Amino acid sequence: MAVTGSGTTTAPGGPPGTMTAGGAAGSGEAGQHGLREVWDLAPGRLRRAAAAVEALRGRGVYLAPVRHHSPACAVAVRRAVEEIRPATVLIEGPEEYTRLLPELLHEETVPPVALLSLPQPAEGRGDGASFYPLAAFSPEWVAIRAAHAIGADIRFCDRPAGERAAAESAEAAGGTPGTSEPGTGEPAAGGPAAGADPEDAGTNPGGSRPADARPGGAGPDTAPEHDPFARTLMSERYLAHSETVAALARRLGCRDHDEVWDHLFEARTPDRLADWRGTFDDVFAWAALSRLDYEDEVLAADGSLEREARMSARVAEASENGTVLVVTGAFHTLAIAEALADLPEGGPVRERRPEGGYGPLAEGDAWLIRYDHERLDGLRGYGAGMPSPGFYERLHAAHERRFAPAERKPGSGPAGARAAKRRKAAAVVPVPPSAGDSRTLVTAVLVDVARAAAEREHQVSTPQVASAAEAAARLADLRMRPVPGRTDVLDAITSCFVTDDGGIGPERPLGLAIAEVFGGRAVGRVPAGAAVPPLVRDARERVRAVGLDIDTTLPRTARLDARRTPSHRARRQVLALLDLLDCGFGRQLSGPDHVGGRGLGLIAEEWEYCWTPVVEARLVELSHLGASVEAAAVTLLRQAEEELRSAGASAAADGAAKLVARAAVVGLTAHLPRLVTLLARTLDTDRDLASVTSGARRLLGLWRSRVELDLDTVPVRPGAGGGTTADAGFPPGRTPADELLSLVGQALATSAYLVSDAGRAGPDDEEAAISTVLELRALVRDAQRAWREAEAGGETAGATGDRVPGSAGGAPRASAAPAGGSSGVTVAAIGGGTGTRVAQDPAASVARELVRLRDDDDAAPGVRGALLAVGSVDGEVPDDLLVARVRGALRPGADPALAVRFLGGVLRAAPDLLIYTPELFDAVDGAIRDLEPEAFLAVLPDLRRGFTWLKPTETHKIAERVAERTGRRASDVDVRVRVDEKDLAAGLAAERELAAVLARDGLAHWSGGTP
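Residues numbered from 1 in each chain as written. Predicted model: local features only at pLDDT ≥ 70, side-chain atom pairs only at ≥ 80, totals over all residues. Heavy atoms only, no water.

A. Local environment of the overall build of the protein. Scanning the protein from terminus to terminus reveals 43 helices and 14 strands. Within the span of the protein, comprising 1011 residues, buried residues form 55% of the whole. Put simply, 74% of the contacts in the protein that link residues at least 6 apart link residues at least 24 apart. Looking at the protein as shown, the accessible area adds up to about 41,600 Å², and 52% of this sits on carbon and sulfur atoms. (Helix = DSSP H or I, 4+ residues; strand = E, 2+ residues; numbered from the N terminus. Buried < 20%, exposed > 50% of the residue type's maximum accessible area, 1.4 Å probe, protein only. Contact = heavy atoms within 4.5 Å. Areas by Shrake-Rupley, 256 points an atom, 1.4 Å probe, with all protein chains shown as cover.)

So, in structure tokens, the structure goes:
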């Protein structure tokens, strides 16, 4: 094993070189002496395993323990491949990924990329995808490329992703002592998270990054359980939670696990990086000491031992065909070495191997997808390997530039001989390092941070950059590092670039600049012909076809005018389709929401969209729904229909109307006949007035947007001989807009039968009932206007085949509202021939029922008050009748609670009546004055709620009126008093006690009483 302090080699079982600052910094004999002194204290298990690793090398089995996404480990892997020239290179990763090697090796594949696995339904998991990310500086990526260059056989050798997912699901459901609480999958005290890979350098035990590590990241911390990318096949949880690593960090003066790693490995000089044996030996010791912190029961529970059993078995198989290089996460190397060397400690791994072996490599579904630095960055919630990928990609590129090509020799196996005939490859040999290499890298990073900060209006001067470069070098020297590391550069930025109290927080200009440079902005590429599900390909083509940018993972904004611009309409339709699939591609920020029924009077709309790896992963997940975006959307709509039917809820009309709206917005108009039929049947059975009213309001909104949503043409479907024919789902010549307006009439007819239910609302339900009846009144008015517009607009011309301006395809229109009745809606038009129960004039029926409810003294008082107020506003109720009704409700002797509920309804519907109807103000003022103190306290919450409907200007006018009557100033009345009912009760009690004392002393007139 190599001693880090000198780069020399000791006898097998000798000391690893990472446990002191002197050894890490290469301090010569002093470092060696210190290491040798502590070696006798190392656990016997570690010393035996170290000897086993050395012995395995003698047998042609080279274990390459790595930290995922480590530039230092990537350099060591390349050097090992070039020197050993193995016949086989095995890489930790699900075996089914082996079939994706041609795509990984394709010349068009550019990292960062990720291999994606999805849980199968039979595996019992539904919590998303598993990712295997690869960056340019990932040891696994370098191993694949370097092994291919020498013609080595390359295979992944880990447990299939499906088996790992099933094991994690079972473990999370059942719980295991020391790992998770039963049935929760949450970590028990002192134990790592259930189901996690045993290597997580990306998070603290609390689940988020330390605050002092944030400057290198790209934004706020993200807890792994809330991050769709936290479920990675490369996480390093146990290493980050190791007590040994924590003790080492304290001893070295490092703030966290990442700084320890940089101190020991990434800050090495080029000649030490080229010593791949020394690097692997040191990484092995670092990870093995961490592993000794955990018991086999913990590692068995999360599936680590099962994985190591398979990997060690695959190594034994491959060793029969020549030299083997095994690239795995360092945490697993100890167990693999013990199992291969038949050490007693390897028993728990060996006994898990099946008697007949594992057979051929496992097969399963997996895909190669683009990845990006944002998802790769550990400080943004990703729990695997190195943080700050932008910085480490630069560091790895600098390492690569330090080596020069030379002719390679063929590999030691048959594959290597064949490769030698195909090409002459370039090996890497070290060249003398330039003293300025590290300083050049640091200066380039600082200049880019300064430039990015300047773009955000945070100016950084050239002297500041020079000072920061000098500070980074001095900090590295002070910390006994041969070259500045990530934390040295970040500390230098904090010291030299911060000029105010704002610091470098994630939302500050300098913090954003650091995030951009250290986090990186690279987006990978995959070959155009890479195997992806048809759904993903169709989604990409649709998005590109409408001009949306998906070549970056930075959020983009699309501002659309779908009403007047056809291209914007097509773009909105694609965005809405993908939104229906819930794949995370885009979200609407503003503008008309036809499904939610909000903002329908707006013209412009704004969407934010971003094509990220999680979008592709979600689309892969949804591939079973259909081969195209439209097919998948149809499947989801049908599933929602079935759920609506099977639920059989009494309030389903609004749900069915939402389905109609969704289909209309995403352009699935050919499916509207079926959905309209479902809604018509639902309206016959729905017993909830709010649901029926809300559904009708949605339909009316769709009708008003009929041109924008292309609902004013007769739907067509493929016909015989390649032509098209009108869809038979609707009556001949009728458009979706016609049917929607007819459904509004049917909804009003149903509402007329349900209006009386609002009168039975209790105190807890009265607010909702008031909202419903007010919405229903507005719906009646708007529906009547729509019917008049339909008739005046010539929409009865369908029978003669006239064209409607603006209709796509020029399909003939039919009557949406045939003449008959004051509303222009007949029984036939409303019912659509379904036998629906309707009245001749549904709008008049609803209006009649609302008047009946308003005049019903037994109805909910709030509902009566609201209907009375809107009747007065609309001119249906004279002022004298309004005042008389209010006085009657607030008369002396009336139940105060019922009276206040009635008043609350009036104020809810038309609060300005209290200002502009003096008689009403007098009636309310007198009623409140006449309340006994106890009664006033009892109804005070309801009074407050009722008066909240007044606008601030209206409140001030009321205050002026009250001040005038009481002889006070309006400013004394119109104030916000922060007291509750208890405070007021206490004040009233004190006032009564004071009045009694004054009366006893003959001073009652002081309190307004009689002397």
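What follows continues from the structure just given.
B. Focus on unusual backbone geometry. Put simply, Pro111 and Pro112 share a cis peptide bond, and its omega is 10°. Positionally, Pro112 belongs in the loop between α5 (101-104) and β3 (113-117). A positive phi angle, close to 60°, is found at Asp342, a residue other than glycine. For Asp342, the position within the fold is in the loop between α15 (330-340) and α16 (347-350). Even without glycine at this site, Ser388 takes up a positive phi of about 50°. The residue Ser388 is located in the loop between α17 (373-376) and α18 (389-401) in this model.

C. Spatial organisation of the pairing of strand β7 (residues 367-370). Because side chains alternate across β7, one face comprises the buried residues Trp367 and Ile369, and the other comprises Leu368 and Arg370, equally buried. Examined bridge by bridge, β3 and β7 share four bridges and lie antiparallel to one another. By the bridge assignment, Val113 is partnered in β7 with Arg370. (Pairing = 2+ DSSP bridges.)

D. The arrangement of the packing of aromatic side chains in detail. Scanning the entire structure with this criterion turns up 14 aromatic pairs. Where Phe585 meets Tyr609, the ring centres are 5.5 Å apart and the plane angle is 45°; that geometry is what we call tilted. Highlighted residues: Phe585 in the loop between α25 (566-581) and β11 (586-590) and Tyr609 in strand β12 (residues 605-609), separated in sequence by 24 residues. Each member of the pair, Phe585 together with Tyr609, is buried. One Lys or Arg, Arg706, reaches over the ring of Trp703 and ends 3.8 Å from the middle of that ring. (Phe/Tyr/Trp six-rings, centres within 6.5 Å; stacked < 30°, edge-to-face > 60°. Lys NZ or Arg CZ within 6 Å of the ring centre and 35° of its normal.)

E. Inspection of the nonpolar core at higher detail. Counting 188 residues, the largest nonpolar core has Leu104, Val449, Phe497, Phe518, Leu578, Phe585 and Leu619 as the members making the most contacts within it. When sequence neighbours within four positions are dropped, the list of residues in contact with Val449 reads Ile493, Phe497, Leu510, Ala513, Ile514, Val517 and Phe518. Listed in part, the 24 residues of the second largest apolar core include Leu868, Leu913, Leu920 and Val924. (Core = buried A, V, L, I, M, F, W, Y, C linked by side-chain atoms within 4.5 Å.)

F. Representation of the sheet that holds β3 within the structure. Across the sheet, three strands lie side by side as β4-β3-β7; this open sheet has antiparallel pairing. Strand pairing shows two members of the sheet lacking a second neighbour, β4 (130-134) and β7, which therefore form its edges. Each adjacent strand pair in this sheet contributes to an overall mean axis angle of 30°, direction not counted. In terms of strand pairing, β3 meets β4 through five bridges, oriented antiparallel. Bridged to Val113 within β4 is Leu134. Sheet strands touched by helix α26 (residues 613-621): β3, β4 and β7. Its angle to β7, the strand with the most contacts, is close to 150°. (Axes fitted to C-alpha atoms, helices over the stretch in contact; angles between N-to-C directions.)

G. Spatial organisation of the pattern of salt bridges. Applying the stated criterion across every chain yields a total of 62 salt bridges. Note that Glu83 is salt-bridged to Arg277, the shortest N-O span being 2.9 Å. Note that Glu83 is positioned in helix α4 (residues 71-84) and Arg277 in helix α12 (residues 276-291), a separation of 194 residues in sequence. In this structure Arg277 comes out as partly exposed when scored by relative accessible area, which is 32%. Between Asp855 and Arg885 there is a salt bridge, with the nearest N and O atoms lying 3.3 Å from each other. Remark: Arg885 occurs in helix α36 (residues 879-889) and Asp855 occurs in the loop between α34 (842-854) and α35 (861-873); sequence separation between them is 30 residues. Each of the salt bridges in this network shares a partner with another, and the network as a whole consists of Glu95, Arg159, Glu163, Arg310, Arg314 and Glu317. (Salt bridge = Lys/Arg side-chain N within 4 Å of Asp/Glu carboxyl O.)

H. Broad picture of helix α21 (residues 462-478). A rise of 1.5 Å per residue sets the reference length of α21, with its 17 residues, at 24 Å; its end C-alpha atoms lie 24 Å apart and thus fit the reference within 8%. Burial in α21 covers these residues: Gln464, Val465, Ala468, Ala469, Ala471, Ala472, Leu475 and Ala476. Each buried residue of α21 sits inside an arc of 165° when the element is viewed along its axis, so together they form one side. In α21, the exposed positions that point more than 90 degrees away from the buried face belong to Thr462, Pro463, Arg474, Asp477 and Leu478. Backbone geometry just downstream of α21 places Met480 in the positive-phi region, at approximately 65°. (Expected span 1.5 Å × (residues − 1). Arc of directions from axis to C-beta.)

I. Spatial organisation of the packing of helix α28 (residues 653-665) against helix α30 (residues 689-704). Relative to each other, α28 and α30 sit at 15°, their axes nearing to 7 Å. When the axes of α28 and α30 are compared, the pair comes out roughly parallel. Handedness of the crossing formed by α28 with α30: left-handed. In this structure, α28 contributes Ala653, Asp654, Ala657, Lys658, Val660, Ala661 and Ala664 to the contact, and α30 contributes Ser691, Val692, Ser694, Gly695, Arg698, Leu699 and Leu702. For the contact of α28 with α30, the residue count by class is eight nonpolar, three polar and three charged. (Parallel < 35°, antiparallel > 145°, perpendicular 65-115°, else oblique. Left-handed = near helix turned anticlockwise from the far one by under 90°. Nonpolar A, V, L, I, M, F, W, Y, C, P; charged D, E, K, R; others polar.)

J. Expanded view of the sheet that holds strand β10 (residues 556-560). Ordered in space as β10-β12-β11, the three strands form an open sheet in which the pairing is antiparallel. Of all strands in the sheet, those bounded by a partner on one side alone are β10 and β11. The sheet shows a mean angle of 25° between the axes of neighbouring strands, direction not considered. Across four bridges, the pairing between β11 and β12 is antiparallel. By the bridge assignment, Ser590 is partnered in β12 with Glu606. In this fold α25 packs onto β10, β11 and β12, with an angle of close to 50° to the strand it touches most, β12.

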